[in-house]
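A structural walkthrough
These are the residues of each chain, in order.
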Amino acid sequence: MIAPSILSADFARLADEAVAVGPAADRPGSDWLHVDVMDAHFVPNLTLGLPVVKSLRAATDIPLDCHLMIDDPDRWAPPYAEAGATNVTVHVEAAHEPVMLAKNLRAAGALAGLAIKPNTPLDPYLEVLRHYDTLLVMSVEPGFGGQSFIPEVLDKVREARRLVDTGHLKLIVEIDGGINADTIAEAAEAGVDCFVAGSAVYNADDPGRAVEALRDTVRHSAPQRWEG
Ligand code: DX5
Ligand code: ZN
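Here the residue numbering is sequential within each chain, running from 1 through the sequence in written order. Here the convention is simple: chains get letters from A, ligands get numbers from 1, in the order in which they are written. Local features in this predicted model are restricted to residues of pLDDT 70 or higher, and side-chain atom pairs are both shown and tallied only at a pLDDT of 80 or more, whereas totals for entire chains, interfaces and linings draw on every residue. The basis for the side-chain values is all heavy atoms of the structure; hydrogens and waters are excluded.

Observations regarding the overall build of the protein
- If you tally the helices and strands in the protein, you get 11 helices and eight strands.
- Put simply, the radius of gyration uses C-alpha atoms, and a globule should come to 2.2 Å times the residue count raised to 0.38. The C-alpha atoms of the protein give a radius of gyration of 16 Å, which matches the 17 Å a tight globule of 228 residues would have.
- A principal-axis box enclosing the C-alpha atoms of the protein has dimensions of 45 × 40 × 30 Å.
- Note on exposure labels: buried denotes an accessible area under 20% of the residue type's maximum, exposed denotes more than 50%, and partly exposed covers the range between, all computed with a 1.4 Å probe on protein chains only. Here the protein holds 228 residues, and 54% of them are scored as buried.
- Working rule for contacts: check all heavy atoms of both residues, and any pair within 4.5 Å makes them a contact. Long-range contacts, defined here as pairs at least 24 residues apart, represent 64% of the contacts in the protein between residues at least 6 apart.
- Accessible surface, the protein as shown: approximately 9900 Å² in total, 50% of it carbon and sulfur.
- Each charge class in the protein can be summarised by its mean position, and for the 18 positive and 34 negative side chains these summaries are 5 Å apart. Runs of H or I in DSSP of at least four residues are treated as helices and runs of E of at least two as strands, each being numbered from the N terminus. Surface accessibility follows the Shrake-Rupley procedure with a 1.4 Å probe radius. Residue values consider only the protein chains on display as shielding. Only four residue types enter the charge count, namely Lys and Arg as positive and Asp and Glu as negative; His and the chain termini do not. Where a charge sits is defined by one atom per residue type, namely NZ (Lys), CZ (Arg), CG (Asp) or CD (Glu).

Here's what the structure looks like:
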């Protein structure tokens, strides 16, 4: 799956920017649209919130993948599920009761996602992850688009992949940060299912074609995963 991040899009034209990566006559389009919500507390940046997500939901058909980089997601995340987001991801570093939160997100009709920052280990959260549908491995420090990929996080991807493939966990392994034509192949080989790409898509001349180019690279670098 490819999930363009609108963090690098033109915020004055969000509906058009969503359509630009959607389906067209010659391509399937993006699987999800990644929406980065930042509160200027959990991360040192401020983006958009629930009203914009509601408007995007009404203006487009593409499934929304909301990545909440906010404090107190236990309180603020469920409304994003109620607003129709397909996947709502919260940070393990910010959640107070992540198991309860996952249940609340699912009860509100969304997939529940858990994000981990580059320096956050995976092992302490393996039990918690049994309650989640997606694991978002951050491959940059959250807060800004256009940063360089941190390859060391791929060890966590490999570990998650192994646990999914052996039936110990059942979730989508997602990666976010610094994914582009140069880095997506190694992420695919490590076992990523869903690739978030912001600047690599929206800084391209044709964002829709950029999505398909990334998809082709995955298809060629990890064909067995693609078919699985
Ligand atoms: C960063 C965000 C990412 C960001 C990725 O905190 O979570 O989703 O948009 O941007 P690129 O792909 O440019 O690293
Ligand atoms: Zn993100």
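Next comes the rest of the description.
Comments concerning the site of ligand 1
- Residues are classed as near a molecule or strand on a simple rule: at least one heavy atom within 4 Å of it. In the vicinity of ligand 1, 20 residues are found, and the nearest of them are G143, D176, G178, G198 and S199.
- Take G143: an N or O atom from its main chain is 2.7 Å from an oxygen atom of ligand 1.
- Contact between ligand 1 and S199: an oxygen atom at 2.5 Å from a side-chain N or O atom of the residue.
- About the coverage of ligand 1: the protein hides 100% of its 380 Å² of free accessible area.
- The set of elements that each furnish at least two residues to the shell around ligand 1 consists of β2 (33-38), β3 (64-69) and β8 (194-197).
- A per-element tally of the shell around ligand 1 places β2 first, with three residues. Nitrogen and oxygen atoms within 3.5 Å of one another constitute a polar contact, given that in protein one can donate a hydrogen and the other can accept it, and given that sequence-neighbouring residues count only through two side-chain atoms.

What about the coordination of the zinc ion (ligand 2)?
- For Na, K and Ca the donor cut-off is 3.2 Å, while for other metals it is 2.8 Å, and in both cases only N, O and S atoms qualify; water is not among them, so sites may look incomplete. Protein-derived coordination of the zinc ion (ligand 2) comes from H34 (NE2), D36 (OD), H67 (ND1) and D176 (OD), at a distance range of 2.0 to 2.3 Å.
- Every donor counted, the six donor atoms about the zinc ion (ligand 2) form angles of 71 to 171° at the centre, which fits octahedral coordination.
- For the zinc ion (ligand 2), all donor residues lie on one chain, and their spacing in sequence is H-x1-D-x30-H-x108-D. You can see D36 sitting in strand β2 and its partner D176 sitting in strand β7 (residues 172-176), a full 140 residues away along the chain.
- For D36, a relative accessible area of 5% corresponds to the buried category. Under this scheme a four-donor centre is tetrahedral when all angles range from 85 to 135 degrees, a four-donor centre is square planar and a six-donor centre octahedral when opposite donors are above 155 degrees with the rest from 65 to 115, and any other centre is irregular.

Regarding the sheet that holds β3
- Two strands qualify as a pair provided DSSP detects at least 2 bridges between them. Pairing is parallel across the open sheet formed by eight strands, whose spatial order is β1-β8-β7-β6-β5-β4-β3-β2. A strand with exactly one partner marks an edge of an open sheet, and here the two such strands are β1 (2-4) and β2. The mean inter-strand angle of the sheet, taken between neighbouring strand axes irrespective of direction, is 25°.
- Note: strand β5 (residues 111-116) against strand β6 (residues 134-138), four bridges, orientation parallel. Opposite I116, over in β6, you have V137 as the bridge partner. Lines fitted to C-alpha atoms define the axes here, with helix axes fitted over just the stretch in contact, and angles between the N-to-C directions of these axes take values from 0 to 180 degrees.

A short note on the pairing of strand β4 (residues 87-91)
- Of all five residues in β4, five are buried, a share of seventy percent or more.
- Judged by which residues are buried, β4 turns out to be covered on both faces: N87, T89 and H91 on one side and V88 and V90 on the other are all buried.
- With four bridges connecting them, β3 and β4 associate as parallel partners. Paired with H67 across the bridge in β4 is T89.
- The pairing of β4 with β5 spans five bridges and is classified as parallel. If you follow V88 over to β5, its bridge partner there is A112.

Quick notes on the pattern of salt bridges
- Put simply, a salt bridge is a Lys or Arg side-chain nitrogen that is within 4 Å of an Asp or Glu carboxyl oxygen. Going through the model one piece at a time under the given rule, you end up with 14 salt bridges.
- Two residues, R13 and D16, come together in a salt bridge whose shortest N-O distance is 3.9 Å.
- Judged by relative accessible area, R13 falls into the partly exposed class, the value being 39%.
- Judged by its relative accessible area of 46%, D16 falls in the partly exposed class.
- In this structure, E212 engages R215 in a salt bridge whose closest nitrogen and oxygen atoms are separated by 3.1 Å. You can see E212 and its partner R215 sitting in helix α10 (residues 207-221), three residues apart, about one turn around the helix.

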